[in-house]
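Observations on the model geometry
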Amino acid sequence: MWNEFKQFALRGNVVDLAIGIIIGAAFGRIVDSLVGDIFMPIIGAVTGGLDFSNYFTALSGNVTAGSLDEAKKQGAVLGWGNFVTVAINFVIIAWILFLLVKGMNRLRRAEDAKTGTAEKPPEIPADVKLLTEIRDLLQTGQTT
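Residues numbered from 1 in each chain as written. Predicted model: local features only at pLDDT ≥ 70, side-chain atom pairs only at ≥ 80, totals over all residues. Heavy atoms only, no water.

Quick look at the overall build of the chain now. When helices and strands are tallied, the chain shows five helices and two strands. Starting at the N terminus and ending at the C terminus, the chain contains elements arranged as α-α-β-α-β-α-α. Each of the three principal axes of the chain carries a C-alpha extent, and together these read 95 × 55 × 35 Å. Evaluated residue by residue, the chain yields a buried proportion of 8% over its 144 residues. In the chain, the proportion of contacts linking residues at least 24 apart, taken out of those at least 6 apart, comes to 41%. Here the chain has roughly 11800 Å² of accessible surface; of this, 65% comes from carbon and sulfur atoms. (Helix = DSSP H or I, 4+ residues; strand = E, 2+ residues; numbered from the N terminus. Buried < 20%, exposed > 50% of the residue type's maximum accessible area, 1.4 Å probe, protein only. Contact = heavy atoms within 4.5 Å. Areas by Shrake-Rupley, 256 points an atom, 1.4 Å probe, with all protein chains shown as cover.)

This is how it looks when you write it as structure tokens:
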């Protein structure tokens, strides 16, 4: 059983997956910081300090608090402002990742063009070429 586990754990795909997860977690923290520490303050400054995170709708008559945390202690609340904040964060993160992937693809295409390693269409097999020639000859009415 130990040998089977070692084979599974040390398989290339498992190690690659583990590395990908670790890098993804680190990248996630970088993107969270970028959004929370750079973009959201700019958006807050542009919108006059608007912060959706404390917006809520009281579902109980007992709720009189002004902040979401205090309101949750008093009774049932619908914290829709926090959802709006998370949705805005998602859109910003998705846009940043889109721009990142777009830039990486542009760099890859430029590198491929520089080195001549761009993807070439696969070569047509000999039998397909022969059948194409026969078809073309039959269409033109030529025979050999």
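So that's the structure; there's more coming.
By the element assignment, Thr85 lies in helix H4 (residues 80-115). When near neighbours in sequence (up to four residues on either side) are disregarded, Thr85 contacts Met40, Phe52 and Ser53.

Next up on the list: a nonpolar patch on the surface. Residues Phe27, Ile30, Leu97, Leu100 and Met104 make up a contiguous nonpolar surface patch of roughly 430 Å² in combined accessible area. Of all elements in the fold, only helix H2 (12-46) and H4 reach the threshold of two or more residues within the nonpolar patch. Considering each element in turn, the nonpolar patch owes the most residues, three residues, to H4. The residue Leu100 is located in helix H4 in this model. Residue classification places Leu100 among the partly exposed residues on the basis of a relative accessible area of 38%. (Patch = residues over 30% accessible without salt bridge, like charges linked within 9 Å, V, L, I, M, F, W, Y side chains within 5 Å. Salt bridge = Lys/Arg side-chain N within 4 Å of Asp/Glu carboxyl O.)

Tracing the backbone shows Gly36 in helix H2. Considering only alpha carbons, one finds Gly36 and Asn89, 53 residues apart in sequence, at a separation of 8.1 Å.

It is worth spelling out the packing of aromatic side chains at this point. Following the criterion strictly, the structure yields three aromatic pairs and no others. Aromatic pair Trp95 and Phe98: ring centres 5.4 Å apart, planes at 35 degrees, arrangement tilted. One end of the pair is Trp95 and the other is Phe98, both in helix H4 and three residues apart, which spans about a single turn. Exposure remark for Trp95: the relative accessible area of 51% places this residue in the exposed category. (Phe/Tyr/Trp six-rings, centres within 6.5 Å; stacked < 30°, edge-to-face > 60°.)

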